[in-house]
Structure formats: C-alpha cells, structure tokens
Amino acid sequence: MNKGKVLIVMSAAGVWERTDGSKYPTGYWAEELAAPHEKFVEAGYTVDFASPGGVLQPLDEHSADPAVAGEECGRHVAHARKALEEFGSPLKLDEVSIDGYVAVVLPGGHGPVVDLFQDADLGRLLAEADKEGKLIGAVCHGPAALLSAKDEDGNWLFAGRRMTAFTDEEEQLFGTAEGAPWLLASRLRELGADHVAGAAYQQHNIIDGNLFTGQNPASSTRLAEDMISALR
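One structure accompanies this document, and this report is about it. (Residues numbered from 1 in each chain as written. Predicted model: local features only at pLDDT ≥ 70, side-chain atom pairs only at ≥ 80, totals over all residues. Heavy atoms only, no water.)

## Examining the pattern of salt bridges
Across all of its chains, the model carries 13 salt bridges by this definition. Across the salt bridge formed by Glu-190 and Arg-187, the nearest N and O atoms sit 3.7 Å from each other. Highlighted residues: Glu-190 and Arg-187, both in helix 6 (residues 184-190), separated by 3 residues, approximately one helical turn. If you follow the salt bridges from partner to partner, you end up with Glu-38, Glu-72 and Arg-75 in one network. (Salt bridge = Lys/Arg side-chain N within 4 Å of Asp/Glu carboxyl O. Helix = DSSP H or I, 4+ residues; strand = E, 2+ residues; numbered from the N terminus.)

Right, here's the structure in full:
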C-alpha cells in the first residue's frame, strides 16, 4: 500500500569553492541519502528526487571511504546508486510543486552550502511545505537548504526554530573549517535559529513541530524514523 510521496532534494554542486579560490570536490553523502530513502521505501512511501536544473549530483567520495564514513558505507553507497539509477534524472526543482508530497528531505554533503542555501525555487517549496504543516527533514549540511526560505521582506522563515546541523567543531575535525566561506552552525545561529549541538559525530536529532533535523551522517536513520513515526 502506497502511503504517499516523499521528496528528497539534492544539491547540484560537485565542487565547493574555498576562500583561497581552490575547489574542494563534493557531492551527495551516501548515508544521508540512502538511509532516509531506504526507511521511507520500507515504510511504504514513494520517494522522488529533485535538484536544481535536474542535475544528478556526483557521490562525495569521502562517503565511500570506510576510514571516514564507517564500515557500513559500502552498503549505503550501493543503495544510493541503485535508487538514483532506478529513478532516472532528478526532477527539476523549478518544476516541482509541493502538492502530492507528505514530506521533504534535505540530505547533506557540502553541496547545500554551495547552492541550495540560496535557491529561490527550493525556498518557495519549503515555505509552502511549512505553511501546510508538511514534514521537513534536514541532516548534516542539509539544514543549509533551510536558509533559502524567506518571506517577502527577506526574513528567514525558520528563525527561532530549534534545530541541529553539522557543527563548527565537526567541520574543524573533518578538516574543512579553514577556508570555508562560512560555517553552517554559526550561520544558522546568526540568522536566529536555536541551534542545539550534540557530541561530535554522534547521533543527535531535534524535532520542532514539523521540522526534523539531524546533526551528522550518524543521525540520518533516526531522522527518517522520527518522520515516519510522525506521519503515522
């Protein structure tokens, strides 16, 4: 029985330009895409993928490295690749309507801090989803995409909400803080989010009404489980 449709919005970015002009290769983080997809499909939902321009973002190779992403990463990579291959080209974000979807999921990798944070089409989708009380989930760098949602006066729609995201400490430990144009957790706080950090690289999830956030890749499965529980 199909319980409804879930939209996973991916970044289209394959590189993250640093403050020194160098280009850091990025892409989708396998676990953050695979774990929610797997959980939602198991629970009876249909999952669609969308991105700016319908571009299929590459895999972030760090998420395929067991030394970085853990021993389970091979399974997540295989699941993500199969899911994306079976779906075909992602939907073009500017052609997607929130009608017909029960939830939106925003996985990470560094891509969202490159493009999604300022994507007007995504901002429109998220504003409509939030207004209608549809579930919005974002994990790791995915919460950067929430920054795209603004009102007519340019005020951020998620200011004042409790959330978590990849922390400045985790960015430093990962080796990508120095040279970053901006740091996600700091930016969220600056713009009014009630950002709550957990221990580095440990599962940490926050629920605030219809907003579900996870701090890092280890929080991806719980993010989906919490959303599925709320949809029941």
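## Some details on helix 3 (residues 73-87)
Here helix 3 spans 21 Å end to end across 15 residues, near enough to the 21 Å set by a 1.5 Å rise per residue. The set of residues buried in helix 3 consists of Cys-73, His-76, Val-77, Ala-80, Ala-83 and Leu-84. Around the axis of helix 3, the buried residues are gathered within 140° of arc, so they sit on the same side. Facing away from the buried side of helix 3 by more than 90 degrees, the exposed set consists of Lys-82, Glu-85 and Glu-86. If you follow the buried residues of helix 3, they end up packed against helix 1 (30-42), strand 4 (46-51) and helix 2 (66-69). Two residues or fewer after helix 3 comes Gly-88, characterised by a positive phi angle close to 90°. (Expected span 1.5 Å × (residues − 1). Buried < 20%, exposed > 50% of the residue type's maximum accessible area, 1.4 Å probe, protein only. Arc of directions from axis to C-beta. Contact = heavy atoms within 4.5 Å.)

## Focus on the nonpolar core
Residues Leu-106 and Leu-146 are the most contacted members of the largest nonpolar core, which totals 35 residues. Those residues in contact with Leu-106, other than ones at most four positions away along the chain, are Val-9, Leu-122, Leu-126, Ile-136, Gly-137, Ala-138, Val-139, Gly-142, Ala-145 and Leu-146. One finds Phe-40, Ala-80, Leu-135 and Cys-140 within the second-largest nonpolar core, a separate group that totals 28 residues. (Core = buried A, V, L, I, M, F, W, Y, C linked by side-chain atoms within 4.5 Å.)

## Some details on the side chain of Arg-161
In this structure, Arg-161 sits in the loop between strand 7 (135-139) and strand 8 (162-163). A residue is classified by how much of its surface remains accessible, and Arg-161, at 15% relative accessible area, is buried. Within the structure, the side chain of Arg-161 is placed 2.8 Å from the side chain of Asn-210, a separation counted as a polar contact. Leaving out residues up to four positions away in the same chain, Arg-161 has contacts with Asp-130, Ala-193, Asp-194, Asp-208, Asn-210 and Leu-211. (Polar contact = N/O pair within 3.5 Å; in protein donor to acceptor, adjacent residues only side chain to side chain.)

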